[in-house]
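Report on the structure
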Amino acid sequence: MDSEIKNIKKWNIMYPIYINSKKTLAEGRRICVTKACENPTVTEISDCCNYLKIPCAIEVCFFVDLSLVSLII
């Protein structure tokens, strides 16, 4: 279990806002609008990772802004 947690700490973190086509680059979008999707959720991104067999975990944090919930890939 401890080795699994250590590995998770080295994973990349992806916030849904990074691929949200409704956001601007200044607001946090990191890819071009044509490749982004409208209002993605952590669950949808997790489903995509699972389909592509990319290991992922949903990090549960309690923020006022739900766009800050992240997916650890």
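Residues numbered from 1 in each chain as written. Predicted model: local features only at pLDDT ≥ 70, side-chain atom pairs only at ≥ 80, totals over all residues. Heavy atoms only, no water.

1. Examining the pattern of salt bridges
Counted only if it meets this: Here, a salt bridge means any Lys or Arg side-chain nitrogen found within 4 Å of an Asp or Glu carboxyl oxygen. Helix and strand definitions here come from DSSP, where helices need a minimum of 4 consecutive H or I residues and strands a minimum of 2 consecutive E residues; each element is numbered from the N-terminal end. Note on classification: 1.4 Å probe, protein chains only; a residue is buried when its accessible area is under 20% of the maximum for its type, exposed when over 50%, partly exposed between these limits.
Going through the model one piece at a time under the given rule, you end up with one salt bridge. Residues Lys22 and Glu38 are paired through a salt bridge, measuring 3.7 Å at the closest nitrogen-oxygen approach. Of the two residues, Lys22 is situated in the loop between strand S1 (13-14) and helix H2 (42-51) and Glu38 in the loop between S1 and H2; the sequence distance between them amounts to 16 residues. Considered together, Lys22 and Glu38 belong to a single accessibility category, that of exposed residues.

2. Comments concerning the side chain of Asn20
As a reminder of what qualifies: Contacts: residue pairs with any heavy atoms within 4.5 Å of one another.
Tracing the backbone through its elements, the reader meets Asn20 in the loop between S1 and H2. Each residue touching Asn20, except ones within four places of it in the same chain, is listed here: Arg29, Ala36, Cys37, Glu38, Asn39 and Pro40.

3. A word on the packing of aromatic side chains
Two aromatic rings, taken as a pair, are described by how far apart their centres are and by the angle between their planes. Put simply, the rule is: Two rings belonging to Phe, Tyr or Trp (six-membered ring only in the last case) form a pair when the distance between their centres is within 6.5 Å. Interplanar angles under 30 degrees mark stacking, angles over 60 mark edge-to-face geometry, and anything in between is tilted.
For the structure on display, the rule yields one aromatic pair. Centroid distance Tyr15 to Tyr18: 5.5 Å. Interplanar angle 80 degrees. Geometry classified as edge-to-face.

4. Regarding unusual backbone geometry
Of note in this structure, Asn39 is not a glycine but carries a positive phi near 45 degrees. Position of Asn39 among the secondary structure elements: in the loop between S1 and H2. Take Asn39: its relative accessible area is 43%, and that puts it in the partly exposed class. Look at Lys53: it is not a glycine, yet its phi comes out positive at around 60 degrees. Among the secondary structure elements, Lys53 is positioned in the loop between H2 and strand S2 (57-59).

5. Thoughts on a nonpolar patch on the surface
Inclusion rule: Note on patches: the residues involved have over 30% relative accessible area and no salt bridge, like charges join within 9 Å, and the nonpolar side chains Val, Leu, Ile, Met, Phe, Trp and Tyr join within 5 Å. Reported accessibility uses the Shrake-Rupley method at a 1.4 Å probe radius. Residues are deemed covered only where the shown protein chains occlude them.
A cluster of nonpolar side chains, Tyr51, Leu52 and Ile54, forms an exposed patch at the surface whose accessible area comes to about 360 Å². Note on placement: Ile54 falls in the loop between H2 and S2.

6. Observations concerning H2
Rules: Here the arc refers to the set of directions running from the helix axis out to each C-beta atom.
Along H2, the positions that sit buried rather than exposed are Val42, Ile45, Ser46 and Cys49. All buried residues of H2 fall inside an arc of 100 degrees around its axis, so they share one side. At the exit of H2 stands Lys53, carrying a positive phi of roughly 60 degrees.

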